Amino acid sequence: MKITKDLYQGSLALLTDFYQLTMAYAYWKAGKGEEEAVFNLFFRKHPFQGGFTVAAGLEYVVDYCRNFHFEKKDIEYLAGMKAPDGSPQFEKGFLDYLENLRFSCDIDAVEEGTVVFPNAPILRVKGPLIQCQLLETPLLNILNFQTLIATKAARITLAAKGEPVLEFGLRRAQGIDGALAASRAAYIGGCTSTSNVMAGKLFGIPVSGTHAHSWIMSFESELEAFEAYADAFPDQCVFLVDTYDTLQGIKNAIKVGEILRSKGKEMVGIRIDSGDLAYFSNQAREMLDGAGFPNAKIVASNDLDEYIIASLKSQEASINVWGVGTKLVTAFDQPALGAVYKLSAIRTEEGEWQPKIKVSQQTLKINIPGIHNVRRYYSQGKAVADMIFLEDQEVNPRGTVIIDPLDPTRRKRIMPAFYQGEDLLKPIFKDGKVIYSCPPIEKIRQRTKDQLGSFDKTHKRLVNPHIYPVGLEENLHHLRMDLVLKAKKFEDENE
Ligand SMILES: Nc1ncnc2c1ncn2[C@@H]1O[C@H](COP(=O)(O)OP(=O)(O)OP(=O)(O)O)[C@@H](O)[C@H]1O
Ligand SMILES: O=P(O)(O)OC[C@H]1O[C@H](OP(=O)(O)OP(=O)(O)O)[C@H](O)[C@@H]1O
Ligand SMILES: O=C(O)c1cccnc1
Ligand SMILES: [Mg+2]
């Protein structure tokens with residue numbers, strides 16, 4: 001699918017921060033633009049104080065990179081940009097370079113729906129410095145948001161314990177693209193459907209919905225409104241019962257349910273959108289069961305999130321279907337995932353890859369040098385640990401130790417012979433050509449489910465989850481320590 005092309009009709013190359021273009025220009029001036037580099041995209045902390053994160057957005061990345069080029073109009077815009085002294089911001093030679101630029105990077109990434117953890121790369125770009133640099137902003141833009149929303153959706157659907165979660169967020173989402181991307185990511189994360197019809201069309205997500213208070217209010221009485229709705233949709237009636245008096249609304253729904261039944265039709269259920277959802281859902285269940293509608297579903301909505309859903313469950317509310325909008329698509333309690341994109345290796349003139357380190361006062365911010373992959377070890381189908389390792393070094397088959405990148409005293413012994421290993425970064429682009437076929441969205445959604453199923457429930461609880469072990473393979477840990485010490489020594493000597 002041409003998601004970005006359909007939406008924006010043409011090049012998205014300028015969807016980057018200005019400083020990427022000024023750096024690109026300066027690389028070009030310095031003759032460094034074609035030097036090869038490796039960048040890793042990763043985040044440092046799970047969102048929502050959770051214990052897991054669900055990767056999403058790769059299909060957008062594939063689409064973005066596949067179409068990565070500067071069109072005449074982009075070049076004209078850049079040619080019109082002025083430096084403070086009024087001279088052109090960019091030389092013609094650089095603009096010609098951009099106009100002729102063809103995407104030529106290698107990209108390796110985790111598949112959408114993969115459960116991922118802090119510090120381990122979820123995407124890796126290898127290629128000319130200028131291209132790597134220009135891609136930083138759009139890659140982060142795409143993956144930060146969709147990963148955040150897929151994770152929120154996974155938390156909400158876990159709280160709903162297998163009951164359907166309908167995504168209702170379009171009206172509260174962050175603009176048009178925010179809404180579309182959120183509906184897509186919410187479905188990947190586990191939602192059952194979206195109310196966003198355009199997302200249904202673009203991404204093949206099931207579309208569903210009930211009706212609003214305005215429908216009821218446009219009639220003289222609630223009963224008339226229900227009857228008219230039943231006439232139009234005899235097989236799809238979910239009556240919104242809380243416009244005037246919820247208990248009376250349930251009685252009216254039952255009346256119209258009986259009319260439908262006399263015509264050989266069944267109402268699907270009712271929706272409650274205000275008040276005490278535990279109390280009203282339990283009242284509704286009793287009344288529906290008593291009237292011979294034990295299969296009528298009770299849908300609840302109104303500012304729900306994973307915590308309210310969990311609370312309603314613990315109150316034994318009789319809710320079967322959950323409608324969730326605002327707090328899902330805006331990632332209400334944490335509006336951004338802080339993934340970053342960092343250089344980790346440069347190829348020297350001799351053709352050798354040189355690992356790069358950035359030393360920081362905070363251990364948290366010292367990057368992981370070199371070219372890595374991430375291996376997930378499973379024991380009897382359960383994920384036991386993730387190991388970040390140097391791709392060109394064999395992992396000792398007799399056993400290795402993985403070391404926490406933030407705290408070297410935290411270690412875990414890995415005996416590869418006893419585990420099944422899966423390398424999470426898969427080849428997506430080779431020399432600028434796509435070599436990966438993006439799975440249909442249903443498959444991605446299923447992957448999320450399977451992946452979540454392979455983690456212990458202690459990592460999935462909403463509050464204070466147990467930390468899943470992710471560490472550096474020994475060789476990588478030593479390389480990192482050596483480079484940090486060298487860099488610090490250099491700093492000390494030059495103070
Ligand atoms: N039994 C319950 N336990 C915990 N939270 C609940 C329960 N029932 C409802 N809620 C939540 O409490 C909040 C109630 O919000 P608010 O007071 O704005 O709604 P309301 O007055 O019921 O409805 P509205 O203002 O839309 O008419 C919502 O977030 C709702 O999901
Ligand atoms: O609460 P959310 O999770 O965002 O779910 C979507 C909300 O949108 C609709 O009404 P809207 O909020 O527009 O109006 P209302 O609250 O007055 O019903 C619907 O009835 C839900 O309450
Ligand atoms: O279909 C619904 O019930 C719906 C759709 C959008 C927002 N709130 C509810
Ligand atoms: Mg509302």
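Reading guide: rules and limits
- Residues numbered from 1 in each chain as written.
- Chains lettered and ligands numbered in written order.
- Predicted model: local features only at pLDDT ≥ 70, side-chain atom pairs only at ≥ 80, totals over all residues.
- Helix = DSSP H or I, 4+ residues; strand = E, 2+ residues; numbered from the N terminus.
- Buried ≥ 20, exposed ≤ 12 C-beta atoms within 10 Å, placed from the backbone.
- Contact = placed C-beta atoms within 7 Å.
- Near = placed C-beta within 6 Å.
- Pairing = 2+ DSSP bridges.
- Axes fitted to C-alpha atoms, helices over the stretch in contact; angles between N-to-C directions.
- Nonpolar A, V, L, I, M, F, W, Y, C, P; charged D, E, K, R; others polar.
- Core = buried A, V, L, I, M, F, W, Y, C linked by C-beta atoms within 7 Å.
- Arc of directions from axis to C-beta.
- UniProt positions renumbered as here; feature names shortened; annotations may be inferred.
- pLDDT = per-residue confidence, 0-100.

## Considerations on the overall build of the chain
Turning to step 1, where the next piece is worked out: Counting its secondary structure elements, the chain contains 16 helices and 21 strands.
Turning to step 2, where the next piece is worked out: Seen through its principal axes, the chain has C-alpha atoms that stretch 85 × 60 × 40 Å.
Turning to step 3, where the next piece is worked out: Considering the chain as a whole, with its 495 residues, one finds that 43% of them fall into the buried category.
Turning to step 4, where the next piece is worked out: Of all intrachain contacts in the chain linking residues separated by at least 6 positions in sequence, the fraction that spans at least 24 positions is 72%.

## Brief notes about the site of ligand 1
Turning to step 1, where the next piece is worked out: Around ligand 1 lies a shell formed by Ser274, Gly275, Asp276, Leu277, Ala278, Asn302, Asp303, Leu304, Ile308, Ser311, Leu312 and Gln315.
Turning to step 2, where the next piece is worked out: Put simply, the parts of the chain that give the shell around ligand 1 at least two residues each are helix 12 (277–290) and helix 13 (306–314).

## A word on the sheet that holds strand 1 (residues 36–42)
Turning to step 1, where the next piece is worked out: Pairing in this open sheet of seven strands is antiparallel, and the strands run 13-12-1-5-3-19-20 from one edge to the other. What marks the edges here is a single partner per strand, and that holds for strand 13 (353–355) and strand 20 (433–434).
Turning to step 2, where the next piece is worked out: Sheet topology places strand 1 next to strand 5 (residues 123–128); six bridges connect them, and they run antiparallel. Of the residues in strand 5, the one forming a bridge with Phe39 is Val125.
Turning to step 3, where the next piece is worked out: Contacting strand 1, strand 5 and strand 12 (340–347), helix 6 (residues 129–159) crosses the sheet at an angle of about 155 degrees to strand 5.

## Description of the pairing of strand 19 (residues 426–430)
Turning to step 1, where the next piece is worked out: Two strands pair when backbone bridges link them, and strand 3 (residues 106–109) and strand 19 are joined in this way by three bridges, in the antiparallel orientation. Directly across from Asp108, in strand 19, lies its bridge partner Pro427.
Turning to step 2, where the next piece is worked out: Across two bridges, the pairing between strand 19 and strand 20 is antiparallel. The partner of Lys430 across the bridge, within strand 20, is Lys433.
Turning to step 3, where the next piece is worked out: Here strand 19 folds back onto strand 20 in antiparallel fashion, the turn holding two residues, of which Asp431 has a positive phi close to 50 degrees.

## A look at the site of ligand 2
Turning to step 1, where the next piece is worked out: The environment of ligand 2 is made up of 14 residues, and the closest members are Phe168, Asp273, Ser301, Gly325 and Thr326.
Turning to step 2, where the next piece is worked out: Elements represented by at least two residues in the shell around ligand 2 include exactly strand 11 (321–324) and helix 14 (326–329).
Turning to step 3, where the next piece is worked out: When grouped by side-chain class, the residues that make up the shell around ligand 2 number three nonpolar, six polar and five charged.

## Points about the nonpolar core
Proteins that are soluble and globular tend to have nonpolar side chains buried together.
Turning to step 1, where the next piece is worked out: One finds Ile149, Phe239, Ile270 and Trp322 to be the most contacted residues of the largest nonpolar core, which totals 134 residues.
Turning to step 2, where the next piece is worked out: Here this core takes 17 residues from helix 6, the largest share from any one element.
Turning to step 3, where the next piece is worked out: Aside from chain neighbours lying at most four places away, what touches Ile270 is Val238, Phe239, Val241, Ile250, Ala253, Ala284, Ala296, Ile298 and Val299.

## What to know about helix 10 (residues 222–232)
Turning to step 1, where the next piece is worked out: Taken as a whole, helix 10 has its buried residues at Glu222, Ala225, Phe226, Tyr229 and Ala230. Looking straight down helix 10, one finds that the buried residues subtend no more than 135 degrees of arc, so they occupy a single side. Those residues of helix 10 that are exposed and aimed more than 90 degrees away from the buried face are Asp231 and Ala232.

## Let's talk about the UniProt feature "domain: Nicotinate/nicotinamide phosphoribosyltransferase" (unreviewed entry) in the chain
Turning to step 1, where the next piece is worked out: Here, the residues flagged by UniProt with the feature "domain: Nicotinate/nicotinamide phosphoribosyltransferase" (unreviewed entry) are residues 167–349.
Turning to step 2, where the next piece is worked out: Within residues 167–349, the helical portion is 45% and the strand portion 14%, while the C-alpha atoms at the span's ends are 52 Å from each other.

## With respect to the sheet that holds strand 21 (residues 470–473)
Turning to step 1, where the next piece is worked out: Here six strands make up an open sheet; going across it, the order is 17-16-21-15-14-18 and the pairing mixed. Looking at strand neighbours, the two that pair on one side only are strand 17 (411–414) and strand 18 (420–423), the edges of this open sheet. For this sheet, the mean angle separating the axes of adjacent strands, direction not counted, is 35 degrees.
Turning to step 2, where the next piece is worked out: Where strand 16 (residues 400–403) and strand 17 come together, four bridges link them in antiparallel fashion. Note that in strand 17 the partner of Ile403 across the bridge is Arg411.

## Regarding the confidence of the model for the chain
Turning to step 1, where the next piece is worked out: When pLDDT is averaged along the chain, the result is 96, and 98% of the positions lie at 70 or above.
Turning to step 2, where the next piece is worked out: For this predicted complex, the interface score ipTM comes out at 0.97, while the overall pTM is 0.97.

## Quick word on the pairing of strand 14 (residues 372–379)
Turning to step 1, where the next piece is worked out: Judged from the eight bridges that link them, strand 14 and strand 15 (residues 382–390) form a sheet pairing that is antiparallel. In the sheet register, His372 faces strand 15, and the bridge partner there is Leu390.
Turning to step 2, where the next piece is worked out: If you look at the hairpin formed by strand 14 and strand 15, you'll find two residues sitting between the two strands, and Gln380 has a positive phi there, around 50 degrees.

## So, unusual backbone geometry
Turning to step 1, where the next piece is worked out: Even without being a glycine, Gln49 presents a positive backbone phi close to 55 degrees.
Turning to step 2, where the next piece is worked out: Among the residues examined, Gln49 registers 12 C-beta atoms within 10 Å and is labelled exposed.
Turning to step 3, where the next piece is worked out: The phi dihedral of Lys161 is positive, around 50 degrees, even though this residue is not glycine.
Turning to step 4, where the next piece is worked out: With respect to the element layout, Lys161 can be found in the loop between helix 6 and strand 6 (165–167).
Turning to step 5, where the next piece is worked out: Given 9 C-beta atoms within 10 Å, Lys161 falls into the exposed group.

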